[in-house]
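Letter by letter, the chains look like this.
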Amino acid sequence: MVKKITVLSGDGIGPEIIKEAIKVLDKVCALYGHRFEYTYVDIGGCSIDKYGVPITDKGMTLCKSADAVLLGAVGGPKWDSCPPSIRPEKALLAVRKELGLFANLRPTRLFSQLSGASPLKPAVIEGGIDLVIVRELTGGVYFGARSTKEENGELVAHDDMNYSVHEIERIGRVAFETAMKRRKKLASVDKANVLDTSRLWRKVMHELSAEYPEVEYSDVLVDSTAMQLIRNPATFDVLVTENMFGDILSDEASMLTGSIGMMPSASLSSGTQGMYEPIHGSAPDIAGQNLANPIGTILSAAMMLRYSFGMATEADAIENAVDAVLTDGYRTGDIYSEGMKRVSCTEMGTLVANYLK
Ligand code: IPM
Ligand code: MG
């Protein structure tokens, strides 16, 4: 199969981790007879430096025309003082919106080989951690109207949060369908004791739950969920939530597994197009030193094969290769522990590629 992939390496460790994911994808091509055509587009700080904008119109068009987009990471202290309209993150939000990527899947799994890396006590993680956060990605306070104006002699800032029934319903369906393929448990996370958007969210989710009688459904408040994730993470299977709650909870959940460097994500549209990226950031402190963990990006590439290209066997092969590399004791710095074999970013990519079957 021939597939067009637009590659957004981005800033900081972005280019290093992307290179390793491409190494693994090329090996998939060699083993399974596919052809992936890569088009590289600048995004974030590197694009601001070159063109004055975090992504060019031409770059955006190349994202729209691809079968899938693979992203490293954007941003860094160098661009922190950019005006809001051209910040590196702005490009990421624009790609999500323009491509209609409303469903963000963030799987969080504790690899048994890395259980020592979790900050939680062994008794708490005994039941395992294997959950997926389904985050709404193109609505809510991220995309509402924003302003800062003088009112009664002082500055007042506004950020509007909106959700319509159809926005809630389509993400709800993705979540129920995801639960049906897993342990059939869904927690919808909201703040319905305070917010109108959450009350509408809860109403729509309740209506949907009637269509999925096999799914054990519950509504939970976001503050209590933040606590339960630490106290009893094994109770969760699929969580569905609005944009900002999902942003916060997914960072919290990733730490349960010891390293944010392991975690992939998929941002999906109503078609097969998607954008795939590790959930960590650009890690400027270790950029250019060959220290980054490329596994989150490699697993994101596996999600791309599964969700956008329908290549489930190939995706499984990548995930199994990662598992085997960890079982054999290879570790990048972020997941290193006594007695293991410490490897660089490039060595980790090569290992996963070599372990592919
Ligand atoms: C994420 C990131 C982004 C977000 C930032 C970089 C805008 O934190 O993908 O979780 O808030 O969505
Ligand atoms: Mg985030």
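Residues numbered from 1 in each chain as written. Chains lettered and ligands numbered in written order. Predicted model: local features only at pLDDT ≥ 70, side-chain atom pairs only at ≥ 80, totals over all residues. Heavy atoms only, no water.

Participant: I'm lost on the domain arrangement of the chain in this one. Help?
Facilitator: Looking at the chain, the domain boundaries give domain 1 (1-102 + 263-357) and domain 2 (119-257). With centres defined by C-alpha atoms, the gap from domain 1 to domain 2 works out at 25 Å. In this complex, domain 1 contributes eight residues to the contact, which on the side of domain 2 involves 13 residues. Taken over both partners, the interface formed by domain 1 and domain 2 buries close to 990 Å², and the fraction arising from carbon and sulfur atoms is 71%. (Domains from an automatic or database assignment. Contact = heavy atoms within 4.5 Å. Buried area = accessible area lost by both parts, 1.4 Å probe.)

Participant: Looking at this structure, how should I read the pattern of salt bridges?
Facilitator: One side chain can pair with another of opposite charge once the charged atoms of both are near each other. On inspection of all chains with the given rule, the structure shows 24 salt bridges. Between Lys191 and Asp223 there is a salt bridge, and its shortest N-O distance comes to 3.1 Å. Of the two residues, Lys191 sits in the loop between β8 (185-190) and α7 (196-209) while Asp223 sits in helix α8 (residues 222-231), which places them 32 residues apart along the sequence. Accessibility expressed as a relative area gives 19% for Lys191, which makes it buried. A salt bridge links Lys203 to Glu207, with the shortest nitrogen-to-oxygen separation between them at 3.3 Å. Residue Lys203 and its partner Glu207 are located together in helix α7, separated by four residues, close to a single helical turn. (Salt bridge = Lys/Arg side-chain N within 4 Å of Asp/Glu carboxyl O. Helix = DSSP H or I, 4+ residues; strand = E, 2+ residues; numbered from the N terminus. Buried < 20%, exposed > 50% of the residue type's maximum accessible area, 1.4 Å probe, protein only.)

Participant: Which parts of the structure should I look at to understand the sheet that holds strand β12 (residues 274-278)?
Facilitator: Within a sheet, each strand pairs with its neighbour through backbone hydrogen bonds, oriented either parallel or antiparallel. Pairing is mixed in the open sheet, where 10 strands are placed in the order β2-β1-β3-β12-β11-β4-β5-β10-β8-β9. A strand with exactly one partner marks an edge of an open sheet, and here the two such strands are β2 (35-40) and β9 (216-221). Within the sheet, the average angular offset between the axes of one strand and its neighbour, ignoring direction, is 25°. Strand direction decides the pairing type here: strand β11 (residues 264-268) and β12, joined by five bridges, are antiparallel. (Pairing = 2+ DSSP bridges. Axes fitted to C-alpha atoms, helices over the stretch in contact; angles between N-to-C directions.)

Participant: Would you mind going over the site of ligand 1 with me for this structure?
Facilitator: The local shell around ligand 1 consists of Glu89, Leu92, Arg96, Arg106, Arg135, Tyr142 and Asp247. Contacts to ligand 1 include Arg96, whose side-chain N or O atom sits 2.7 Å from an oxygen atom. Within the complex, the protein chains bury 76% of what would otherwise be the 320 Å² of accessible surface of ligand 1. Take the shell around ligand 1: its biggest share by element is three residues, from helix α4 (residues 88-98). Residues lining the shell around ligand 1 come from more than one domain, with at least three contributed by each of domain 1 (1-102 + 263-357) and domain 2 (119-257). (Near = heavy atom within 4 Å. Polar contact = N/O pair within 3.5 Å; in protein donor to acceptor, adjacent residues only side chain to side chain. Areas by Shrake-Rupley, 256 points an atom, 1.4 Å probe, with all protein chains shown as cover.)

Participant: Please clarify how the side chain of Ser282 should be interpreted in this entry.
Facilitator: Following the sequence through the fold, Ser282 ends up in the loop between β12 and α10 (295-307). Engagement of the side chain of Ser282 in a polar contact is seen with the backbone oxygen of Gly75, the distance being 2.7 Å. Among residues more than four places away in sequence, those in contact with Ser282 are Asp11, Gly12, Ile13, Ala73, Val74, Gly75 and Gly76.

Participant: Explain the packing of aromatic side chains here, please?
Facilitator: Centre distance and the angle of the planes are the two values used to describe a pair of aromatic rings. The tally for this structure, following the rule as stated, stands at four aromatic pairs. An angle of 75° between the planes, with centres 5.6 Å apart, marks the rings of Tyr163 and Trp201 as edge-to-face. Of this pair, Tyr163 sits in the loop between β7 (154-159) and α6 (165-180) while Trp201 sits in helix α7, and the two are 38 residues apart along the sequence. Summarising the burial analysis for this pair, Tyr163 and Trp201 share the class buried. Each ring, one from Phe176 and one from Tyr212, has its centre 4.8 Å from the other, and the planes form 10°; the classification is stacked. Of the two residues, Phe176 sits in helix α6 while Tyr212 sits in the loop between α7 and β9, which places them 36 residues apart along the sequence. Per residue, the accessibility class of Phe176 equals that of Tyr212, and both read buried. Joined through ring pairs, the aromatic side chains of Phe176, Tyr212 and Tyr217 make up one cluster. Above the ring of Tyr336, the side-chain terminus of Arg342 is found at 4.1 Å from the ring centroid. (Phe/Tyr/Trp six-rings, centres within 6.5 Å; stacked < 30°, edge-to-face > 60°. Lys NZ or Arg CZ within 6 Å of the ring centre and 35° of its normal.)

Participant: What is the right way to read the environment of Met60 from this model?
Facilitator: Checked against the element boundaries, Met60 lands in helix α3 (residues 57-64). Taking relative accessible area as the criterion, Met60 reaches 8% and is therefore assigned buried. Distance from Met60 to Pro15, taken between C-alpha atoms, is 19 Å for residues 45 residues apart in sequence. In contact with Met60, not counting residues within four places along its chain, are Ile55, Ala94, Val95, Glu98 and Leu99.

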